[in-house]
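Chain and residue survey
Each chain is listed here by its residues.
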Amino acid sequence: MTIPQEQFDDLLTRTALAALFYYPEVAVDDDVPNLQNDIAYCLEPIAGIADEDAERLRVAIGRVITNPTAHRSGLLALAIELAPPPAE
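Residues numbered from 1 in each chain as written. Predicted model: local features only at pLDDT ≥ 70, side-chain atom pairs only at ≥ 80, totals over all residues. Heavy atoms only, no water.

Okay, the overall build of the chain next. Within the chain, the regular secondary structure consists of four helices and zero strands. Looking at the chain alone, contacts between residues at least 24 apart form 66% of all its contacts between residues at least 6 apart. Only carbon and sulfur atoms are counted for the fraction: they give 55% of the accessible area of the chain, which is about 5800 Å². (Helix = DSSP H or I, 4+ residues; strand = E, 2+ residues; numbered from the N terminus. Contact = heavy atoms within 4.5 Å. Areas by Shrake-Rupley, 256 points an atom, 1.4 Å probe, with all protein chains shown as cover.)

This part takes up the environment of Tyr22. Following the sequence through the fold, Tyr22 ends up in the loop between helix H1 (5–20) and helix H2 (35–43). Each C-alpha atom of the pair Tyr22 and Thr66 lies 6.9 Å from the other, and the pair is 44 residues apart in sequence. Setting aside its immediate chain neighbours within four residues, Tyr22 contacts Leu35, Ile65 and Thr66.

Pasting the structure below:
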């Protein structure tokens, strides 16, 4: 299944927002937003992607949310790898 580029763009936007609002101390309560909820939110636009690819993205998104500076290039590279080539 090919996921359109726009959906990967949405994933990256959601991940950036989740990283911006990430607050580690809040992640311990189930009643409030936590990292797993943020990752699930970020993955929503690409529902239907292969499980193996979704897991790779899940790990990369979690890393970006908690430390954007160290991991954003890895997520971007993975999104480029999994997205279809741009239409010409």
